[in-house]
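Coordinate analysis (summary)
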Amino acid sequence: MRNQKVFKDEKKYKKKFKLKIGVLTFEPMPKMFFNKSLKNFRISSLSQKINLMENLKIDFLITKKFDKKFSSTNSVNFIKNIISKKLKAKFIFVSDNFKFGKNREGDVKQLLNFEKELDYKLIKPKPLKIKNKIASSTSIRKFLGSGKLDLANKFLDRKWSIECKIKKGRQLGRKIGFPTCNIDINDYIIPKLGVYAVRVFIKNRVFKGIANVGYRLKFNKKKLLLEVNIFNFYGNIYNKYL
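Criteria and cut-off values
- Residues numbered from 1 in each chain as written.
- Predicted model: local features only at pLDDT ≥ 70, side-chain atom pairs only at ≥ 80, totals over all residues.
- Heavy atoms only, no water.
- Helix = DSSP H or I, 4+ residues; strand = E, 2+ residues; numbered from the N terminus.
- Buried < 20%, exposed > 50% of the residue type's maximum accessible area, 1.4 Å probe, protein only.
- Contact = heavy atoms within 4.5 Å.
- Lys, Arg positive; Asp, Glu negative; His and termini not counted.
- Charge placed at Lys NZ, Arg CZ, Asp CG, Glu CD.
- Salt bridge = Lys/Arg side-chain N within 4 Å of Asp/Glu carboxyl O.
- Core = buried A, V, L, I, M, F, W, Y, C linked by side-chain atoms within 4.5 Å.
- Pairing = 2+ DSSP bridges.
- Phe/Tyr/Trp six-rings, centres within 6.5 Å; stacked < 30°, edge-to-face > 60°.
- Lys NZ or Arg CZ within 6 Å of the ring centre and 35° of its normal.

A short note on the overall build of the protein
- Per the secondary structure count, the protein includes 10 helices and 11 strands.
- Taken along the three principal axes of its C-alpha coordinates, the protein extends 70 × 35 × 35 Å.
- Buried positions account for 36% of the 242 residues belonging to the protein.
- Of all intrachain contacts in the protein linking residues separated by at least 6 positions in sequence, the fraction that spans at least 24 positions is 62%.
- For the protein, the distance from the average position of its 59 positive side-chain charges to the average position of its 18 negative side-chain charges is 6 Å.

Spelled out as structure tokens, the structure:
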């Protein structure tokens, strides 16, 4: 929701100054790059992020590979060589706690110091608040982890979803009359363990279903798994994406 509010503000600048709206994102996420033990952190996959940006009708999206070499870029070089020279940014929208550059040395204050020299203007949108809480990715992760999907969806301004490849399991559910799709959650944030009513998108069709998030302790397996029983669907979807 916060992103949508920011884009509305950006569109005003686009129209007034006849500019293009662009987004710079990093893959993998810097926090996951530096912390290899951080496995379940994503709210959206890269492809979902791209689709969201397309729906917001931005003019361009740059996905920069975040690796060891790029992580050593100091904050001044990031401002001068990337933000100014390559992107030719005229208006930069960032939050007050924005950090960048090697060791997170760059901040909003440093960006402000280069405004006149590099001919850009820094815009700091006011934090969006819902029920006196700042709408942030941290809040959304907490809501998902505690099972408060209604609040997570409200902060996202959409239904939270995951996009994953169907893996072939042991087909034990099929033997007892309840065939399920076995889905590896991968790097997504883990929602509260339990049973959920879900909607499943298969190509251009939508099916209702029931999903269980949990560990297969019954079968002597500790792997976390999302199992989905799709109502009134009988096709073969192994190795396909839902």
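Here's the deal with the pattern of salt bridges
- Evaluation of the coordinates by the stated rule reveals 5 salt bridges.
- E27 is the partner of R42 in a salt bridge, and the nearest nitrogen-oxygen pair spans 2.4 Å. Placement of the pair is R42 in the loop between α2 (30-34) and α3 (46-55) and E27 in strand β1 (residues 22-27), with a sequence separation of 15 residues.
- Across the pair E117 and K80 runs a salt bridge whose closest N-O atoms are separated by 3.7 Å. In this pair, E117 is assigned in helix α7 (residues 115-118) and K80 in helix α5 (residues 75-86), connecting sequence segments 37 residues apart.
- The class of K80 is partly exposed, set by a relative accessible area of 33%.

Comments concerning the nonpolar core
- If you look at the biggest cluster of nonpolar residues, it comprises 32 residues, and the most contacted ones within it are C181, I202, V228, I230, I237 and L242.
- Every element with two or more residues in this core is listed here: α8 (137-145), α9 (149-156), β8 (181-183), β9 (194-202), β10 (205-215) and β11 (224-230).
- In terms of nonpolar packing, the next biggest core, distinct from the first, is built from 17 residues, A89, F100, V108 and L122 among them.

Comments concerning the sheet that holds β9
- Spatial strand order, β7-β8-β11-β10-β9: 5 strands in an open sheet with antiparallel pairing. Two strands bound the open sheet, and with one partner strand each, they are β7 (166-167) and β9.
- As paired strands, β7 and β8 are joined by 2 bridges and run antiparallel to one another. When the bridges of β8 are listed, I166 appears paired with I183.

Here we look at the packing of aromatic side chains
- Per the stated rule, a full pass over the model turns up 15 aromatic pairs.
- With a centroid separation of 6.1 Å and an interplanar angle of 20 degrees, the aromatic rings of Y13 and F17 are classed as stacked. On the criterion of helical spacing, the pair formed by Y13 and F17 is a turn pair, its members being 4 residues apart in helix α1 (residues 2-17).
- With a centroid separation of 5.7 Å and 75 degrees between ring planes, the pair formed by F66 and F70 is classed as edge-to-face. The pair formed by F66 and F70 is uniform in burial state, with each residue classed as buried.
- Over the ring of F33 we find K36; its NZ or CZ atom is 4.3 Å from the centre of that ring.

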